[in-house]
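Spelled out from the first residue to the last, the chains are:
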Amino acid sequence: MKVYSLYILNKAGGLIYQNDVNPELNKLTANDYLVLAGTLHGVHAIASNLTPNIPPNGNAGNTSDNVPTASGTGGPAQNNSTLIATGRSQNPNSNRTGLQSIETDCFNLYIFQSLTGIKFIIITSPNTIVHNVQTSAVSLDIEDQIKNYNRGELVKQCQLANELFKLIYVAYSDYVMKNPFYSLDMPIKCSLFDLKVLELVK
Amino acid sequence: MIYSFHLFDRHCHCIYSREWSHKDEGAVNKSNESDASKLLFGLIYSLKNISTKLGTQANTTQSQNLLKSFATQNYRIHLYETASGLRFALISDVGLDNLQAVLHRIYTEIYLRTVVHNSLSPIDFRAGEKISNSNFILEVDSLIQGLSVFQ
């Protein structure tokens, strides 16, 4: 998994950091990048509203974090009950059920939202196994195709991306948030952070 | 596990929707006009814009960077788009990586035969029109429900 670029969005969806580490994708204009950031911000929120009604025995991953109250749908009473039950406060900004990944022919895109509503977005190279699917290959039986291309590769790659997000988040807290000259929600201009990001993704 | 299937035509209308509940019959064409399907179309449309903008290289022969799927923590949506502007969307759990082959088969073997070659069905669906062709509904159902990954 090769990282092409890293973007950071503030909680209003504004682009506050952009680092094209391995520029292999199209260059857009500065305005287009702002539009891209805003679109992803909106789409992230919309995706959480589309959650299908998963049957209770469905394998929806770890259950405790899946409670839809995190998306802010539960009333204040429900928020209090989760606070009492788990001892953790749920910030309405921390939308854990929002959009996580996008797969296309040329790249994969991963989104991670922190508890404070900051979004980290990385664009990586596509997954090699899933990438090579030929939809027009009629020679293969459909069940064979499904078995060949559904080995949970994307979930694994998503976990890898999440590991990377944690490291980037640590660097962000250390080199941006602890920078006395940085004001919140403003563009990040910090050479130490640039350096750390390069170290992490290279 | 596969949750539902939506088909949008080139005028952005949802012309077929099928939800499988895994307990009872589920619903056919029940949520074509619902907010959920409109939001779903909006999602597909915006994400497709992003992927075309970022990924389509001007100097290569490759025509367009196509969106394959996107996922949240709870579900993954697989996409397949035809040259005529039809958009097929299949919603499954996150564990399934690529179901584009299934969508391709729905298009080539079911949609073409039961809707396009069918002289009784409209060429262009008007607003509010849906695919109510029982052959189409039955064959899509048997294809998807016959998959090993359906449950």
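Residues numbered from 1 in each chain as written. Chains lettered and ligands numbered in written order. Predicted model: local features only at pLDDT ≥ 70, side-chain atom pairs only at ≥ 80, totals over all residues. Heavy atoms only, no water.

**Student:** What exactly am I supposed to notice about the overall build of chain A here?
**Tutor:** Across its full length, chain A carries six helices and five strands. For chain A, the share of sequence-separated contacts (at least 6 apart) that also reach a separation of at least 24 residues comes to 56%. With an accessible surface of roughly 10300 Å², chain A has 56% of that area assigned to carbon and sulfur atoms. (Helix = DSSP H or I, 4+ residues; strand = E, 2+ residues; numbered from the N terminus. Contact = heavy atoms within 4.5 Å. Areas by Shrake-Rupley, 256 points an atom, 1.4 Å probe, with all protein chains shown as cover.)

**Student:** Just checking my understanding: could you explain the packing of helix α1 (residues 30-49) of chain A against helix α1 (residues 35-55) of chain B for this structure?
**Tutor:** Describing two packed helices takes the angle between their axes plus the distance from one axis to the other. Running from amino to carboxyl end, α1(A) crosses α1(B) at an angle of 150 degrees, the nearest separation of the two axes being 10 Å. Classified by the interaxial angle, the pair formed by α1(A) and α1(B) is roughly antiparallel. In this structure, α1(A) crosses over α1(B), and the sense of that crossing is left-handed. Judged by residue contacts, A:Asp32, A:Val35, A:Leu36, A:Thr39, A:Leu40, A:Val43, A:Ile46, A:Ala47 and A:Asn49 of α1(A) engage B:Leu39, B:Leu43, B:Ser46, B:Leu47, B:Ile50, B:Lys53 and B:Leu54 from α1(B). Taken together, the residues of the contact of α1(A) with α1(B) sort by class into 11 nonpolar, three polar and two charged. (Axes fitted to C-alpha atoms, helices over the stretch in contact; angles between N-to-C directions. Parallel < 35°, antiparallel > 145°, perpendicular 65-115°, else oblique. Left-handed = near helix turned anticlockwise from the far one by under 90°. Nonpolar A, V, L, I, M, F, W, Y, C, P; charged D, E, K, R; others polar.)

**Student:** Just to check I follow, could you spell out the packing of aromatic side chains for this structure?
**Tutor:** When we look at a pair of aromatic rings, we describe it by the centre distance and by the angle of the planes. All names here are of chain B. Evaluated as defined, the whole model comprises 21 aromatic pairs over all chains. Pairing Trp 20 with Phe 150 gives two aromatic rings, centres 5.9 Å apart and planes at 85 degrees, and the pair type is edge-to-face. Of this pair, Trp 20 sits in the loop between β2 (14-19) and β3 (27-28) while Phe 150 sits in the segment after α3 (134-145); the two residues are 130 residues apart in sequence, bridging distant segments of the chain. Of the two residues examined, Trp 20 and Phe 150, each falls in the buried class. Aromatic pair Tyr 80 and Phe 88: ring centres 6.1 Å apart, planes at 55 degrees, arrangement tilted. (Phe/Tyr/Trp six-rings, centres within 6.5 Å; stacked < 30°, edge-to-face > 60°. Buried < 20%, exposed > 50% of the residue type's maximum accessible area, 1.4 Å probe, protein only.)

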